[in-house]
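Spelled out, the chains give:
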Amino acid sequence: MAVAEAQLYAKVSSKHRSRSTSALLEPLLAKGFPAHIAQKALVATGQKTIEDAAKWLHSHCNDPSLDDPIPQEYALYLCPTGRLHGRLQDFWKESKRQCGKNRAHEVFPHVTLCDFFTCEDQKVELLYDILKRVGDSFSQSFPPSISLTLHASPSYLGFFIDDSQANILKEFAVAFSSEASALADCHVKPSLKQFHLTLAHRFYPHHQKTLEQLAKCINPGEPCQWVAALYSRDMRFVHYQRLRALFQYKPQNIDELMINAGDLIYVDPTQQCDVSEGWVIGTSHRTGCRGFLPENYTEKAHESDTWVKHREYVFETASRSITKSEKEPSVKQNGEAHNPSMSRSVTNVLSLQSAALRRGVLVMRHGERVDQVFGKSWLQQCLTADGKYYRTDLNFPSSLPRRKDSMKQFECDPPLSCCGIFQSRLTGEALLDQEVTVSYVYSSPALRCVQTAQHVLQGLKLNQKVKIRVEPGLFEWTKWEASRAIPNFLTVAELVEASYDIDTSYRGNFPLSSLVPSESFEDYVSRSSAVIKQIITACPSKGVILIVGHGSSLASLTRALTGLPSRDSGDFAQMVRKIPSLGMCFCEELKEENKWQMVNPPVKTLTHGANAAFNWRNTIMED
């Protein structure tokens, strides 16, 4: 048992347990489920229906923690509904699109009344009764409208609530916490600080102006009905990341996790160090089971996506009743509700920015490398006794470029697999479909990067029109080289002989001799910062500068370009592991503001599953 979990057991082991006689509990007991497990299922599904609880029990039949006596954590929030909520949701989406995710995006719009506290499963119904009783007692004194004032600082943006109204909300929170502490044996702390509704938190200072512009598009006086809502979360996973499965994955090995599209996965960042590239180890929110899963089958989810809504109290006030005719028409865009007036306001902000856009930088990781599929000893599988290359699998390249030194040098400078070539060409074709104008191409000297650049250009139908500038300064962090030495890359002459479209007149900003084995992280960040600045200076024309590098390039180049501080080396390594083949980042220049900003890439990345080697004799013919 982990230390943290042992502390959780100790936290609840001395609590008195009483049996609930809930109308929902009795049918589950009649089906033979133990009381504590039936209560856990009801709480995990918000005590809504017997069917939901039974489905949860079926999904968690193999959950190793099913018998663990760990309660949920609960919080009481004041949440807006109606048109104000719609405006806030529009702000959430647009701020994320323009400025990236910040801490506020993890949770829906809310005002915290009581922060998270624990409550035993069999006493949760008491919280529901308390919420209704306290709500009823405050229904007449609840403010007919809540005054919201925008407040901004370099790391926070949100609405503050007027003091006189906030005092009533604090009295409500104190009343709930007092009754919950007394009747449900909970230690509940009401929020007594400045009441606020957060719009953005922990964002980069240079995004403040954009976020403020978007926030000013919100009319805080929009019709709104406020509800006090009780939510719960699994206290074991408070500090975990959340992922959402995009596709179904069926385990190939006993230590892998079965996931369905839409499943939410808890991932502990501290446990990922020894996991193979492209994989994560996580715990399924749906089943409670733990195992390995392919990371490119998932996307990041929000913290509150795994929370359960239990009950809410709606504060009814006559002055806020909204007739159907008062509501603005809404339309659907990309399957999501969209508000026209917010859209118009946001469009005005965007139009001011788009006028300043000039150049773009597309940083791309190389395609699938052959040793990624066949391992570090791939070359031994493809050499005859006299040292000649031959293809033992269709995913091996049909041939290798000629080189003056030993063929063994390909072990440290591997080529793309045939799937990697396909990935690259497909990406180029997608860029062509989106009418992306690539004016310059830079590549790391690694063969896999040069090949990726070549095949992307072929997909764009720009091969022989735009030449590849081989820049040694774009090579990855040399500390990650397994050989602890700089690889012997193919020379420009050898690349040209192999029919790659190389700019032979280009002289790199960093000569190969300047690359140092096992360089420090600070030296790598400094090198990346210098090379991206030199590339930008050398390419003044409009259009897109395509840079083909490594997984590390996406962070080290774009963060330097946009003025973001570098990550620490531990976080950096964790982040790079998550970048798939042909993963890309796109930066646009805001010339009038003399800065660059990251925006969505012009095309999506490519996702596909594994395809294991097949031996018909061993599979079909064996008895």
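In short, a report on the structure.

Rules used throughout
Residues numbered from 1 in each chain as written. Predicted model: local features only at pLDDT ≥ 70, side-chain atom pairs only at ≥ 80, totals over all residues. Heavy atoms only, no water. Helix = DSSP H or I, 4+ residues; strand = E, 2+ residues; numbered from the N terminus. Buried < 20%, exposed > 50% of the residue type's maximum accessible area, 1.4 Å probe, protein only. Contact = heavy atoms within 4.5 Å. Areas by Shrake-Rupley, 256 points an atom, 1.4 Å probe, with all protein chains shown as cover. Phe/Tyr/Trp six-rings, centres within 6.5 Å; stacked < 30°, edge-to-face > 60°. Lys NZ or Arg CZ within 6 Å of the ring centre and 35° of its normal. Pairing = 2+ DSSP bridges. Axes fitted to C-alpha atoms, helices over the stretch in contact; angles between N-to-C directions. Core = buried A, V, L, I, M, F, W, Y, C linked by side-chain atoms within 4.5 Å. Left-handed = near helix turned anticlockwise from the far one by under 90°. Nonpolar A, V, L, I, M, F, W, Y, C, P; charged D, E, K, R; others polar.

Once that is clear, we can look at the overall build of the protein chain. Within the protein chain one finds 17 helices and 20 strands. Expressed as a percentage of its 623 residues, the buried residues of the protein chain come to 49%. At a minimum sequence separation of 6, the contacts of the protein chain that also span at least 24 residues come to 76%. Roughly 30400 Å² of accessible area belongs to the protein chain as shown, and the carbon and sulfur atoms make up 51% of that amount.

For the coordinates displayed, the defined rule picks out 31 aromatic pairs. Three or more aromatic residues joined by ring pairs form one cluster here, namely Tyr-77, Phe-108, Phe-116, Tyr-231 and Trp-307. Arg-311 extends its terminal NZ or CZ atom over the ring of Tyr-128, reaching a point 4.1 Å from the ring centre.

With that out of the way, let us pick up the sheet that holds strand β2 (residues 111–119). Strand order in the open sheet made by the four strands is β2-β1-β6-β12, with antiparallel pairing throughout. With one partner strand each, in any of the chains shown, β2 and β12 (308–314) form the two edges of the open sheet. Averaged over neighbouring strand pairs, the angle between their axes works out to 20° when direction is ignored. Sheet analysis places strand β6 (residues 225–234) next to β12, joined by six bridges and oriented antiparallel. Considered in β12, the bridge of Ala-228 is made with Tyr-313. Its contacts with the sheet place helix α7 (residues 163–183) against β1 (72–81), β2 and β6, and it is angled at close to 10° to β2.

So, on to the side chain of Ser-528. For Ser-528, the position within the fold is in helix α14 (residues 521–538). Leave out the neighbours within four places in its chain, and Ser-528 touches Ser-556 and Leu-557.

Looking now at the environment of Ser-191. Assignment of secondary structure puts Ser-191 in the loop between α7 and β5 (196–201). In this structure, Ser-191 is in contact with Thr-112, Leu-113, Cys-114 and Lys-170, ignoring residues within four places of it in sequence.

The next thing to look at is unusual backbone geometry. A negative phi holds for most residues other than glycine; trans holds for most peptide bonds. In this structure, Asp-185 is a non-glycine residue whose phi angle is positive, near 55°. Mapped onto the fold, Asp-185 is located in the loop between α7 and β5. Asp-185 gets classed as partly exposed once you look at its relative accessible area, which sits at 39%.

Moving on to the nonpolar core. The biggest cluster of nonpolar side chains holds 51 residues, and the ones touching the most others in it are Leu-127, Phe-176, Leu-199 and Trp-226. Considering every element that reaches this core, the biggest residue donor is helix α6 (residues 124–138), with seven residues. Once residues lying within four places of it in the same chain are set aside, the contact partners of Leu-199 are Leu-88, Phe-91, Trp-92, Asn-102, Ala-104, Leu-150, Leu-157, Gly-158, Phe-159, Ala-215 and Ile-218. Of all hydrophobic cores here, the second largest spans 41 residues; its members include Leu-379, Cys-449, Phe-475 and Leu-515.

Two numbers describe how α6 lies on α7: the axes approach to 10 Å, and their chain directions differ by 145°. For the pair α6 and α7, the sense of crossing is right-handed. Contacts between α6 and α7 involve Leu-126, Leu-127, Ile-130, Leu-131, Arg-133, Val-134, Gly-135 and Phe-138 on the former and, on the latter, Ile-168, Glu-171, Phe-172, Ala-175, Phe-176, Glu-179, Ala-180 and Leu-183. The residue inventory of the contact of α6 with α7, partitioned by class, reads 12 nonpolar, one polar and three charged.

By themselves, these observations are geometric and do not establish any function.
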